[in-house]
Amino acid sequence: MQKHYLLSILTLLLISQLGVAQTNTSTVIYHLDSAEHQISKHIYGHFAEHLGRCIYDGFWVEEDSKIPNQGRIRTDIIEALKELSIPSLRWPGGCFADTYHWKDGIGPREDRPTMVNVHWGNVTEDNSFGTHEFFELCELLDCEPIICGNLGSGTVQEMAQWVEYINSNNISPMTKLREQNGRKEPFKIKYWGVGNENWGCGGNMTAQYYTDNLRRYSSYLKDYGDQKLYKIAGGGYGDYYDWTETLMKDEKGRKSFDGLSLHYYTLNKTWAKKGDAVEFGEADWFSTMTKTLLMEEHIQKHTAIMDKYDPEKTKGLIVDEWGNWHDSAPGSNPAFLYQQNTLRDALVASVNLDMFNNHCERVKMANIAQAVNVLQSVILTKGNEMVLTPTYYVFKMYKVHHDATLIPHQKKSASYTFNDKKIEAVHTSCSKDANGKIHVTITNLDPNNGQVINCSFEGATSMKALKGKYITASKMNDLNDFGKKETIIIQDFMDYSFKKGELQIKMPSKSIVMIELEEK
Ligand code: AHR
């Protein structure tokens with residue numbers, strides 16, 4: 001007996017010393033009987049800024065390009081994004097938005113003035129991609145456009161006229177101009193950002209100064225016909241709780257905005273030295289995961305402030321910039337924010353999407369930064385080649401949650417421990433779609449150890465599992481590269497079973513699993 005005891009202690013010691021893989025156990029209870037709130041599909045939105053190679057040499061190709069395109073918009077990108085059913089696309093920035101003057105980007109292209117993109121490498125912007133081209137792109141993608149207007153360096157009149165140009169059906173100089181430029185019918189836009197990061201690149205304003213400006217701009221952003229605007233106020237970053245407090249306090253009883261934005265990027269290290277996107281070890285993995293999980297705290301605290309002034313939750317929290325921000329790829333223009341994308345990025349995407357799902361009562365939209373060739377992209381291009389990143393496959397796997405009803409859960413997660421620090425290894429969300437199918441998504445952040453997850457479903461008579469899918473790789477920094485077969489894709493997953501009404505999932509280390517179920 002004593003010998004056995006000693007042996008067990010020695011084995012445990014060996015495991016902790018050598019990092020030998022073990023399997024941990026976690027439990028989750030999904031409350032089918034408390035399903036109430038809809039997960040807006042707009043949580044799965046994207047962002048395209050005039051930055052680096054996102055628009056130019058990304059979505060938008062040269063006039064005489066051999067790359068297949070439709071009116072200069074790259075066909076393979078459209079097809080890939082349509083596969084994701086992308087619900088919405090935010091444009092033209094970002095910091096670029098608060099330097100952008102929309103009238104420079106309409107009319108005959110040869111007459112459009114150029115400008116210098118001061119935030120992103122001082123490159124010359126030829127304005128060949130403007131309002132009409134953006135709506136054409138959204139039509140091809142069959143997604144909702146989101147425009148972020150210029151409050152930082154523009155005027156009230158300029159922003160008001162942009163909305164009029166897009167949405168109005170009246171006889172007016174703006175609608176005549178639109179018609180002259182080839183579009184008789186209004187384009188129709190709902191989502192409108194009133195400035196971007198106005199505490200920083202959008203004018204370095206105080207919260208009160210921005211709030212006063214928001215009131216003024218908002219007064220002149222009109223609804224035209226049956227097209228109602230959903231105005232998104234420029235919100236804070238991460239833990240800028242005072243910003244939210246100031247805006248929400250002022251908004252009580254008025255209607256200057258419908259949604260309040262929140263930006264938060266996951267930085268493994270610091271703004272000055274963010275760390276390599278591909279060459280990293282477990283310390284970087286652990287720190288990235290720790291930092292990304294702070295999103296939960298930010299959402300909870302901003303939500304608490306919003307709840308204080310808006311208990312009916314009439315206003316949405318709009319996480320319109322999020323994702324991993326690594327050092328720009330070696331050899332690329334540092335101002336272009338081009339980075340590769342590994343399994344680490346995939347897991348950051350899945351846990352964030354789970355957090356947004358779980359907070360869908362308040363989080364009404366999110367836009368990962370950015371769609372193509374910038375930061376945590378779902379698509380990378382090089383010449384005529386295109387790569388779908390590990391993050392792309394997470395968005396594909398999570399399509400099941402679009403507009404589905406959230407099934408809340410309680411969990412007891414095993415820990416993922418690194419150098420005496422701990423985070424929860426298991427993160428999940430669950431929803432029921434319009435056809436009654438239930439989808440559970442679970443991430444195991446532990447790069448060394450598998451997980452046995454015991455799931456029960458409260459409020460269900462009996463359940464059956466229909467299929468499983470998963471995303472993983474053998475190494476933390478595996479990636480999909482140009483000219484090579486994609487290694488990180490969605491694969492069939494079989495390692496689950498029902499035991500006494502409990503779903504047991506055996507997850508590999510560093511993986512994301514989706515199980516589809518239905519009630520029998
Ligand atoms: O996405 C890159 C930049 O990050 C955006 O332009 C800005 O809003 C944020 O700081």
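Residues numbered from 1 in each chain as written. Predicted model: local features only at pLDDT ≥ 70, side-chain atom pairs only at ≥ 80, totals over all residues. Heavy atoms only, no water.

Draft legend 1. How the structure looks around empty space enclosed by the protein. A full pass over the atoms with the stated rule returns two cavities of 30 Å³ or more. Surrounding the largest cavity, R90, I146, I147, C148, G193, V194, G195, I232 and D320 form its lining. For the lining of the largest cavity, the element with the most residues is strand β8 (residues 144-149), which contributes three residues. Taken together, the residues that form the lining of the largest cavity break down as five nonpolar, two polar and two charged. For the second largest cavity, the calculated volume is near 30 Å³. (1 Å grid on protein atoms, 1.4 Å probe; cavity = no way out; pocket = protein on both sides within 12 Å on 5 of 7 lines; lining within 4 Å. Points joined across faces, edges and corners; volume = space filled by probe spheres on them. Helix = DSSP H or I, 4+ residues; strand = E, 2+ residues; numbered from the N terminus. Nonpolar A, V, L, I, M, F, W, Y, C, P; charged D, E, K, R; others polar.)

Draft legend 2. Examining the packing of aromatic side chains more closely. Inspection of the entire model under this criterion finds 30 aromatic pairs. Summarising the aromatic geometry, the rings of F96 and Y100 are spaced 5.4 Å apart at their centres and angled 35° between planes, so their arrangement reads as tilted. For F96, a relative accessible area of 0% corresponds to the buried category. Put simply, the rings of W60, W91, F96, Y100, W102, F129, F134, F135, W162, Y165, F187 and W192 touch in pairs and so form one group of aromatic residues. A cation over a ring is seen here: R344 above F280, with NZ or CZ 3.7 Å from the ring centre. (Phe/Tyr/Trp six-rings, centres within 6.5 Å; stacked < 30°, edge-to-face > 60°. Buried < 20%, exposed > 50% of the residue type's maximum accessible area, 1.4 Å probe, protein only. Lys NZ or Arg CZ within 6 Å of the ring centre and 35° of its normal.)

Draft legend 3. Layout of the confidence of the model for the protein. Looking at the protein, pLDDT values average 95 and 96% of them are 70 or higher. Note that pLDDT drops below 50 for residues 1-19; the model gives that stretch three contacts with residues more than four away or on any other chain. (pLDDT = per-residue confidence, 0-100. Contact = heavy atoms within 4.5 Å.)

Draft legend 4. Representation of the state of the cysteines. Counted according to the given criterion, the structure contains one disulfide. C138 forms no disulfide, and the closest cysteine sulfur to it belongs to C143, at a distance of 4.0 Å. C455 carries a free sulfur, and the closest cysteine sulfur to it, the one in C430, is 8.8 Å from it. (Disulfide = S-S within 2.5 Å.)

Draft legend 5. Layout of the sheet that holds strand β25 (residues 496-499). Strand order in the open sheet made by the five strands is β17-β1-β22-β26-β25, with mixed pairing throughout. Either end of the sheet is taken by a strand with one partner, and the two such strands are β17 (409-412) and β25. Across the sheet, the axes of successive neighbouring strands diverge by a mean angle of 20°, strand direction being ignored. Pairing analysis gives five bridges linking strand β22 (residues 450-458) to strand β26 (residues 502-507), with the strands arranged antiparallel. From the neighbouring strand, I453 faces β26, where its bridge partner is I505. (Pairing = 2+ DSSP bridges. Axes fitted to C-alpha atoms, helices over the stretch in contact; angles between N-to-C directions.)

Draft legend 6. View of the pattern of salt bridges. Tallying each qualifying case throughout the model produces 25 salt bridges. Between R90 and E321 there is a salt bridge, with the nearest N and O atoms lying 2.9 Å from each other. Here E321 lies in strand β12 (residues 316-324) and R90 lies in strand β5 (residues 88-91), a separation of 231 residues in the sequence. Taking the relative accessible area as the measure of exposure, R90 reaches 3% and is therefore buried. Residue E321 is classed as buried on the basis of its relative accessible area of 4%. Residue R109 pairs with E133 through a salt bridge whose shortest N-O separation is 2.9 Å. Of this pair, R109 sits in the loop between β5 and β6 (115-117) while E133 sits in helix α3 (residues 131-141), and the two are 24 residues apart along the sequence. Judged by its relative accessible area of 33%, R109 falls in the partly exposed class. (Salt bridge = Lys/Arg side-chain N within 4 Å of Asp/Glu carboxyl O.)

Draft legend 7. Quick look at the site of the ligand. In the vicinity of the ligand there are 13 residues, among which E49, C95, E197, Y265 and E321 approach most closely. Within the side chain of E321, an N or O atom sits 2.8 Å from an oxygen atom of the ligand. Within the complex, the protein chains bury 95% of what would otherwise be the 280 Å² of accessible surface of the ligand. (Near = heavy atom within 4 Å. Polar contact = N/O pair within 3.5 Å; in protein donor to acceptor, adjacent residues only side chain to side chain. Areas by Shrake-Rupley, 256 points an atom, 1.4 Å probe, with all protein chains shown as cover.)

Draft legend 8. Local environment of the packing of helix α9 (residues 294-309) against helix α10 (residues 343-358). Two elements in contact, α9 and α10, have axes separated by 10 Å at closest approach and are oriented at 20°. One way to sum up the angle between α9 and α10 is to call them roughly parallel. For α9 against α10, the interelement crossing comes out right-handed. Contacts between α9 and α10 pair M295, E296 and I299 from the former with N352, M355 and F356 from the latter. (Parallel < 35°, antiparallel > 145°, perpendicular 65-115°, else oblique. Left-handed = near helix turned anticlockwise from the far one by under 90°.)

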